[in-house]
Amino acid sequence: MHAKVGVAGAAGAALCALALAVASCAGSPDGTGAHAHGTAGGATGGAATLGTEGTGDPGAPAGAAGAPVFRLAAQSDGSHAFDHNRHTASGDRVLLVFRNDSGIPHDMVVERDGRVVGRTRVITRGETQALVTGLTPGRYAFYCSVGRHRGDGMEGVLEMTS
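Calculation rules
Throughout this document, residue positions are counted from 1 along each chain, in the order its sequence is written. In keeping with the model being predicted, local features are shown solely for residues with a pLDDT of at least 70 and side-chain atom pairs are shown and tallied solely at 80 or more, while totals for entire chains, interfaces and linings include all residues. Think of the side-chain values as coming from all heavy atoms in the structure, minus any hydrogens and water. Each helix is a run of H or I in the DSSP string that is no shorter than four residues. Each strand is a run of E no shorter than two, and both are numbered from the N terminus. The buried label applies to any residue whose accessible area, calculated with a 1.4 Å probe on protein chains only, is under 20% of its type's maximum; exposed applies above 50%, and partly exposed to all values in between. Residues count as neighbours in contact if any of their non-hydrogen atoms are within 4.5 Å of one another. Computed with the Shrake-Rupley method and a 1.4 Å probe, the accessible areas treat only the protein chains shown as cover for residues. Buried Ala, Val, Leu, Ile, Met, Phe, Trp, Tyr and Cys residues form a nonpolar core when they are joined through side-chain atoms within 4.5 Å.

Let's shift gears to the overall build of the protein chain. When its secondary structure is counted, the protein chain shows one helix and nine strands. Listed N to C, the secondary structure of the protein chain is α-β-β-β-β-β-β-β-β-β in terms of helices and strands. The proportion of buried residues among the 162 residues of the protein chain is 41%. Taking as baseline every contact in the protein chain between residues at least 6 positions apart, the subset at least 24 positions apart corresponds to 72%. Here the protein chain has roughly 7,600 Å² of accessible surface; of this, 55% comes from carbon and sulfur atoms.

Here the focus is the nonpolar core. Of all hydrophobic cores here, the largest spans 20 residues; its most connected members are Val94, Leu96, Phe142 and Leu158. Secondary-structure elements contributing two or more residues to this core are β2 (69–74), β4 (93–100), β8 (138–143) and β9 (155–161). Among all residues touching Val94, those that are not within four sequence positions of it are Ala67, Pro68, Phe70, Ala89, Leu131, Val132, Thr133, Leu135, Leu158 and Met160. Core analysis: the second largest hydrophobic core is formed by five residues, Leu95, Val97, Ala130 and Val132 among them.

It is worth spelling out unusual backbone geometry at this point. In this model, Asp113 sits at a positive phi of 50 degrees, which is unusual for a non-glycine residue. For Asp113, the location among the structural elements is in the loop between β5 (109–112) and β6 (115–119).

Right, here's the structure in full:
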């Protein structure tokens with residue numbers, strides 16, 4: 001799928017690519033995904049869904065530069081599971097990059113105390129969605145809200161530290 005990208009979008013994409021190259025992570029070797037990143041500066045406030053169009057390169061969010069990156073993927077075997085279910089980051093915002101490697105549509109929702117603080121759109125195989133969200137220190141749940149996927153175990157914990 002192709003889309004026209006303006007100058008601001010191209011500049012933003014370059015910033016996001018730089019942020020991903022500097023701060024990216026792929027999870028721990030044991031598959032649990034528990035790992036930490038350095039401090040990010042400046043809150044973005046709220047959440048913004050970002051584009052993808054299946055390229056694996058998310059569009060650039062305002063304020064993504066310097067934010068720790070949390071990469072998450074749906075399992076390619078079609079199970080209702082993420083590739084890892086725990087992540088720790090420090091700072092006041094995080095860039096969440098969700099890739100769907102499965103033939104089943106999925107999304108990613110982030111919530112705290114029953115309140116949604118960020119979500120991607122539902123995506124299909126090969127698509128990636130990203131969002132940057134301002135978060136206070138604490139424990140957040142992330143999950144797939146499609147069908148019964150969360151009930152089947154497609155969920156995890158995001159721990160934000162100061």
